[in-house]
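# Working through the structure, step by step
The residues making up each chain are set out below.
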Amino acid sequence: ILNVEQSPQSLHVQEGDSTNFTCSFPSSNFYALHWYRWETAKSPEALFVMTLNGDEKKKGRISATLNTKEGYSYLYIKGSQPEDSATYLCAFSAGNNRKLIWGLGTSLAVNP
Amino acid sequence: DVKVTQSSRYLVKRTGEKVFLECVQDMDHENMFWYRQDPGLGLRLIYFSYDVKMKEKGDIPEGYSVSREKKERFSLILESASTNQTSMYLCASGEGPMNTEAFFGQGTRLTVV
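In what follows, the accompanying structure is described. Keep in mind it's a predicted model, so treat the numbers as computed, not measured.

Turning to the overall build of chain A, a few remarks are in order. The secondary structure content of chain A amounts to zero helices and eleven strands. Taken from the N to the C terminus, the helices and strands of chain A come in the order β-β-β-β-β-β-β-β-β-β-β. Against the 2.2 N^0.38 benchmark of 13 Å for 112 residues, chain A shows a C-alpha radius of gyration of 14 Å, consistent with a compact globule. Overall size of chain A, expressed as C-alpha extent along the three principal axes, is 45 × 25 × 20 Å. Taking all contacts inside chain A whose residues are at least 6 apart in sequence as the whole, residues at least 24 apart take part in 54%. Taken as a whole, chain A presents about 5600 Å² of accessible surface, with 44% of it coming from carbon and sulfur. Side chains of chain A give 10 positive and 10 negative charges; the mean places of these two sets differ by 8 Å.

So this is what it looks like as structure tokens:
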């Protein structure tokens, strides 16, 4: 059974804090790891798609790393802002399967 | 600007009605997906399609069917709506083996009364 786990389930931080979340996925048959941000009343939007072990990607204050051998990815947010408040989802693609297996998400609330 | 468009943002239907949720994408993507999202359960795949007239069951297909007559359009059908199908429905599209990002519609909040 393919399972994607995210932790923590929810997080409250103060504006300016840096934070990180974890996504764990099966290490066998890896194809791609996706991170999405889902703001309330909007659609999920892709942050990163990573395919290679050791990949590191960055977009502004947000970055992600990937370890396919041990089956985890970290998402980092530096200097959190209230507009970063959202649910952060990760999804795993196995082999040449066209489906994405989704985690339950980490809900981030940034207090001003 | 790429777009996945769902036909309705909010819908209220009666138990037993046949319900159609429409999704259109303008990116010429091969793959299209229908998910439902419920609190505490995350995104659950109902059906997906990787080509015209092709469909595959996802994790929770019971009570649903789909239609993909044209590449850009993927319809989700609730044959006889029930209250346990009250949910947020999200359509998404993507390319190939999903090593590139998926694009989502704005979601349809369906309430079955």
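Another point: the side chain of S43(A). Tracing the chain through its elements places S43(A) in the loop between β4 (30–38) and β5 (45–50). Among the polar contacts made by the side chain of S43(A), one reaches the main-chain amide nitrogen of Q106(B) at a distance of 3.4 Å. Excluding residues within four positions of it along the chain, S43(A) makes contact with R37(A), W38(A), F104(B), G105(B) and Q106(B).

Further remarks concern the side chain of H34(A). Tracing the backbone shows H34(A) in strand β4. Given the relative accessible area of 0%, H34(A) is considered buried. Side chain to side chain, H34(A) and Y36(A) meet in a polar contact 2.8 Å long. In this structure the side chain of H34(A) is engaged in a polar contact, spanning 2.8 Å, whose partner is the backbone oxygen of M98(B).

Moving on: the state of the cysteines. Residue and element names in this part refer to chain A. The full count for this structure, using the stated rule, is two disulfides over all chains. C23 shares a disulfide with C90; S-S distance 1.9 Å. Disulfide C23 to C90: torsion about the S-S bond roughly 75 degrees, handedness right-handed. With C23 in strand β3 (residues 19–24) and C90 in strand β9 (residues 86–94), the pair connects residues that are 67 residues apart, well separated along the chain. A relative accessible area of 0% means that C23 is categorised as buried.

Bringing the sheet that holds strand β1 (residues 4–6) of chain B into the picture now. Hydrogen bonding along the main chain pairs the strands of a sheet, whether they run parallel or antiparallel. Residues and elements named next belong to chain B. Read across the sheet, four strands follow the order β1-β3-β8-β7 without closing on themselves; strand pairing throughout is antiparallel. Unpaired on one side and paired on the other, β1 and β7 (64–70) mark the two borders of the sheet. Pairwise comparison of adjacent strand axes, ignoring direction, gives a mean angle of 20 degrees for this sheet. Note that β7 and strand β8 (residues 73–78) share five bridges and pair antiparallel. Bridge pairing in β8 links S67 to S75.

What follows is about the packing of aromatic side chains. Summed over the entire model, instances satisfying the criterion amount to 14 aromatic pairs over all chains. When the centroid spacing of 5.9 Å and the interplanar angle of 20 degrees are considered together, the rings of F33(B) and F48(B) count as stacked. Placement of the pair is F33(B) in strand β4 (residues 31–38) and F48(B) in strand β5 (residues 42–49), with a sequence separation of 15 residues. Owing to a relative accessible area of 1%, F33(B) belongs among the buried residues under this scheme. For F48(B), a relative accessible area of 3% corresponds to the buried category. Aromatic rings pair up to connect Y36(A), W102(A), F33(B), Y35(B), F48(B) and F104(B) into one cluster. Taking the ring centre of F48(A) as reference, the NZ or CZ of K59(A) above it sits at 6.0 Å.

Criteria and cut-off values
Just so you know, the residues in each chain are numbered from 1, in the order the chain's sequence is written. Each chain gets a letter, beginning with A, and each ligand a number, beginning with 1, in the order they are written. This being a predicted model, a pLDDT of at least 70 is required before a residue's local features are given, and a value of 80 or more before pairs of side-chain atoms are given or counted; all residues contribute to the totals for chains, interfaces and linings. For the side-chain quantities, the full set of heavy atoms in the structure was used; hydrogens and water were omitted. For helices the rule is a DSSP run of H or I covering at least 4 residues; for strands it is a run of E covering at least 2, with both sets numbered from the N terminus onward. Computation of the radius of gyration draws on C-alpha atoms, with the globule rule given as 2.2 Å multiplied by the number of residues to the power 0.38. Here, two residues are considered to be in contact whenever any of their heavy atoms come within 4.5 Å of each other. To measure how exposed things are, a 1.4 Å probe is used in the Shrake-Rupley method; for residues, cover is taken only from the protein chains shown. Counted charges follow a simple rule, with Lys and Arg positive, Asp and Glu negative, and His plus the chain ends left uncounted. Every charge is mapped onto a representative atom, which is NZ of Lys, CZ of Arg, CG of Asp or CD of Glu. Polar contact criterion, stated in full: a pair of N or O atoms within 3.5 Å, where within protein one must be able to donate a hydrogen and the other to accept it, and residues adjacent in sequence count only if both atoms are side-chain atoms. Relative accessibility under 20% of the residue-type maximum defines a buried residue, over 50% an exposed one, and the middle range a partly exposed one, all with a 1.4 Å probe and only protein chains included. Sulfur atoms of two cysteines make up a disulfide when they are within 2.5 Å. Any two strands with at least two DSSP bridges between them are considered paired. Lines fitted to C-alpha atoms define the axes here, with helix axes fitted over just the stretch in contact, and angles between the N-to-C directions of these axes take values from 0 to 180 degrees. Put simply, two rings from Phe, Tyr or Trp (the six-membered ring, in Trp's case) pair if the centres are within 6.5 Å, and we call them stacked under 30 degrees between planes, edge-to-face over 60, tilted for the rest. Charge-over-ring placement is defined geometrically: NZ (Lys) or CZ (Arg) within 6 Å of the ring centre, and within 35 degrees of the ring normal.

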